[in-house]
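# Observations on the three-dimensional arrangement
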Amino acid sequence: MDPKLQPIAEKVHAGERLSERDGVALLGSRDIWSIGELAGLVRERLHGRTAYYNINRHLNYSNVCALSCKFCSFYRKRGQDGAYQFSTEQVAEEAVRAAAAGATEMHIVGGLHPYLPFAYYTEMLEGIRQAAPRLHIKAFTAVEIVHLARISQRAKDLGGVLSDLKAAGLGSLPGGGAEVFDDRVHDEAFKGKIRSDMWLTVHREAHRLGLMSNATILYGHIESVEDRVAHLCMLREAQDEAISEGHAGRFQTIIPLPFVPDGSELEHLPGPSGLDDLKMLAVSRLMLDNFAHVKAFWIMQTLALSQLSLQFGVDDIDGTVVWYDITKVDSVDQHQEVGVAELRRAVVEAGYDPVERDTLYRRVYRDGAKWTTSGDVRVVASGQRAVTAAV
Ligand code: V47
């Protein structure tokens, strides 16, 4: 073992929280096997041999965006070639197709459309709820929530905006838009977007309202190793707060997103390597001792690497996906789908037991497109803290 990892290994074995310095040492080490072994140990303590996946459908309702983030190849300006926008009827039709195919979740995000009114978003949620009442709607990143607060002239009333969306059918918040919680990186790569304090405020408000949420980190562009670790520590602190304040909502999952350079203004950068991906997933598992889940998003990490990542701290793979427009490697079209059989085979081959889950990590029992959930959530200990996971 890399001698620098020895004291960290002792802490992990003792179930102690790792420091920011430990995180930097882990990311700076080339000893990928020891890092993987430690993350695997924590993963196994929490989830045994279970590896979760879900049957879901992503939907990007519009790529029209007021922002021009340098890492993003998705956005278009209104009227520009390739700009599109779904009507709320089209979204509802997609929800019906998803439900008929047995999906349990719709994951809906889009650009910051400068002209759509707030009613578009509530009507979208109500339309889905009417057309496919059993689908869990996980929608709108914190960045979109702040945009919706602005367009409904309630910039200071995030709680009110979230309450309206919840009443219309919003089930939880996805983790997108966090990028890297650092002002230098913000100003260079995604100036104009909300900063870390606002991103965290939105999630705090959501947790207060009893909504579960996820978190992401977009790595492998212009950020430093220290920036990555600081980001993880800020998330850990926010989760401590949600737990200690006893909110019904909290962060469920961290999804480390590897930067995909293709088609972006930062296309000249190489993007992270496979080893960096594995290390980042493993270090997320080790640092976030109060997060129940670490998810690999195969769209960005590839299914092959997601499979391997199960041995590096990951316990969850998203998902069947079907449509995805935000990143496209080698210019594939929006149809990016993996079948359940292929997902399960990847898990089994890696030595784990595949368990279908719903958005809230309840076990799904399925007969074709028909399904029910277990309903129970058990408390598992992570480090010194209690977090929840599905039975
Ligand atoms: O918000 C944008 C990121 C996010 C690029 O919560 C990019 O369960 C890499 O958040 N390369 C969307 N990443 C994806 C996301 C997500 C995915 C799966 C599950 C969940 C969840 C959340 O993708 C964006 C942005 O942070 N992104 N461009 C890019 N070129």
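The notes below deal with the structure included here.

Thresholds applied
- Residues numbered from 1 in each chain as written.
- Predicted model: local features only at pLDDT ≥ 70, side-chain atom pairs only at ≥ 80, totals over all residues.
- Heavy atoms only, no water.
- Helix = DSSP H or I, 4+ residues; strand = E, 2+ residues; numbered from the N terminus.
- Rg over C-alpha atoms; globule rule 2.2 N^0.38 Å.
- Contact = heavy atoms within 4.5 Å.
- Areas by Shrake-Rupley, 256 points an atom, 1.4 Å probe, with all protein chains shown as cover.
- Axes fitted to C-alpha atoms, helices over the stretch in contact; angles between N-to-C directions.
- Parallel < 35°, antiparallel > 145°, perpendicular 65-115°, else oblique.
- Nonpolar A, V, L, I, M, F, W, Y, C, P; charged D, E, K, R; others polar.
- Buried < 20%, exposed > 50% of the residue type's maximum accessible area, 1.4 Å probe, protein only.
- Pairing = 2+ DSSP bridges.
- Right-handed = clockwise from strand over helix to strand, strands pointing away.
- Near = heavy atom within 4 Å.
- Phe/Tyr/Trp six-rings, centres within 6.5 Å; stacked < 30°, edge-to-face > 60°.
- Lys NZ or Arg CZ within 6 Å of the ring centre and 35° of its normal.
- Core = buried A, V, L, I, M, F, W, Y, C linked by side-chain atoms within 4.5 Å.
- Patch = residues over 30% accessible without salt bridge, like charges linked within 9 Å, V, L, I, M, F, W, Y side chains within 5 Å.
- Salt bridge = Lys/Arg side-chain N within 4 Å of Asp/Glu carboxyl O.
- Lys, Arg positive; Asp, Glu negative; His and termini not counted.
- Charge placed at Lys NZ, Arg CZ, Asp CG, Glu CD.
- Expected span 1.5 Å × (residues − 1).

What follows concerns the overall build of the chain. What the chain contains, in helices and strands, is 14 helices and 16 strands. Taken over the C-alpha trace, the chain has a radius of gyration of 20 Å; the compact-globule value for 391 residues is 21 Å, and the two agree within 12%. With the C-alpha coordinates of the chain rotated into their principal frame, the extents come out at 55 × 50 × 45 Å. Put simply, of all contacts in the chain between residues at least 6 apart along the chain, 73% involve residues at least 24 apart. On the chain, roughly 15,500 Å² of surface is accessible, and the fraction owed to carbon and sulfur atoms is 51%.

Where helix H6 (residues 142–151) contacts helix H7 (residues 158–168), the axes come no closer than 9 Å and their chain directions differ by 100 degrees. Regarding the angle of H6 to H7, the classification is roughly perpendicular. In this structure, H6 contributes Ile145, Val146, Leu148 and Ala149 to the contact, and H7 contributes Leu158, Val161, Leu162 and Leu165. Taken together, the residues of the contact of H6 with H7 sort by class into 8 nonpolar, no polar and no charged.

Along a regular strand, successive side chains alternate from one face of the sheet to the other. Within strand S7 (residues 251–258), 8 of the 8 residues are buried, leaving the element largely enclosed by the surrounding structure. Direction of pairing for strand S6 (residues 212–219) relative to S7: parallel, over a ladder of 7 bridges. By the bridge assignment for S7, asparagine 214 is matched with threonine 253. With helix H10 (residues 225–244) bridging S6 and the parallel S7, this β-α-β connection has right-handed handedness. Here S7 runs beside strand S8 (residues 293–297); their pairing, made up of 2 bridges, is parallel. The residue of S8 that forms the bridge with isoleucine 254 is valine 294. The β-α-β motif built from S7, the intervening helix H11 (residues 274–287) and the parallel element S8 has right-handed crossover chirality.

The environment of the ligand is formed by 24 residues, the closest being Lys138, Gly175, Glu179, Val260 and Lys295. Considered on its own, the ligand offers 620 Å² of accessible surface; in the complex 96% of this is hidden by protein. Of all the elements in the fold, those that place two or more residues in the shell around the ligand are S6, S7 and S8. Grouping the constituent residues of the shell around the ligand by class yields 12 nonpolar, 8 polar and 4 charged.

Structurally, threonine 50 is set in strand S1 (residues 50–53). The class for threonine 50 is buried, based on a relative accessible area of 18%. For threonine 50, the residues in contact, after removing those within four places along its chain, are Arg43, Asp315, Asp353 and Val355.

Bridge count between strand S13 (residues 364–367) and strand S14 (residues 370–373): 4 bridges; the pairing is antiparallel. Residue valine 364 lies in a different strand from S14, and its bridge partner there is threonine 373.

This brings us to the packing of helix H5 (residues 118–131) against H7. Their axes nearest at 8 Å, the elements H5 and H7 cross at an angle of 30 degrees. Judged on the interaxial angle alone, H7 and H5 are roughly parallel. On H7, the residues that touch Phe118, Tyr121, Thr122, Leu125, Glu126 and Arg129 of H5 are Val161, Asp164, Leu165, Ala167 and Ala168. Taken together, the residues of the contact of H5 with H7 sort by class into 7 nonpolar, 1 polar and 3 charged.

This part takes up the packing of aromatic side chains. All told, the structure shown has 13 aromatic pairs when counted by the stated rule. Residues tryptophan 33 and phenylalanine 312 carry aromatic rings whose centres are separated by 6.1 Å and whose planes lie at 45 degrees to one another, so their mutual orientation is tilted. One end of the pair, tryptophan 33, is in helix H3 (residues 32–47); the other, phenylalanine 312, is in the loop between helix H13 (303–309) and strand S9 (316–318), with 279 residues separating them in the sequence. Overall, phenylalanine 312 belongs to the buried group, its relative accessible area being 3%. Seen in terms of ring centroids, phenylalanine 251 and phenylalanine 291 are 5.3 Å apart; in terms of plane orientation they differ by 15 degrees. Their pairing is stacked. Here phenylalanine 291 lies in the loop between H11 and S8 and phenylalanine 251 lies in strand S7, a separation of 40 residues in the sequence. Among the aromatic residues, those joined into a cluster by ring pairs are Tyr61, Tyr120, Tyr121 and Phe140. Positioned over the ring face of tyrosine 352 is arginine 49, at 4.1 Å from the centre of the ring.

Attention now moves to the nonpolar core. Of all hydrophobic cores here, the largest spans 116 residues; its most connected members are Ile108, Phe140, Leu165, Trp199 and Leu235. Look past the residues within four positions of phenylalanine 140 in its chain and what remains in contact with it is Tyr61, Ile108, Val109, Tyr121, Met124, Leu125, Ile145, Leu148, Leu165, Leu170, Leu173 and Pro174.

With that settled, the discussion passes to a negative patch on the surface. Together, Glu89, Glu93, Glu123 and Glu126 make up a negatively charged patch on the protein surface. When residues of the negative patch are traced back to their parent elements, those giving at least two are helix H4 (88–100) and H5.

With that out of the way, let us pick up H10. Taking 1.5 Å per residue as the helical rise, H10 with its 20 residues ought to reach 28 Å, and the 29 Å between its terminal C-alpha atoms agrees with that figure. Regarding H10, the residues found buried are Asp227, Arg228, Val229, His231, Leu232, Cys233, Leu235, Arg236, Ala238, Gln239 and Ala242. Elements in contact with the buried residues of H10: helix H2 (20–28), helix H8 (183–189), helix H9 (196–208), S6, S7 and H11.

Attention shifts here to the pattern of salt bridges. The final tally for this structure, using the stated rule, is 22 salt bridges. Of the charged contacts in the structure, one is a salt bridge between lysine 11 and aspartate 22, with a shortest N-O distance of 2.7 Å. Remark: aspartate 22 occurs in helix H2 and lysine 11 occurs in helix H1 (residues 6–14); sequence separation between them is 11 residues. Relative accessible area serves as the criterion here: at 12%, aspartate 22 is assigned to the buried category. Of the charged contacts, one joins arginine 97 and glutamate 94 as a salt bridge, the two residues approaching to 2.9 Å between their closest N and O atoms. With a gap of 3 residues between them, arginine 97 and glutamate 94 both fall in helix H4, about one helical turn apart.

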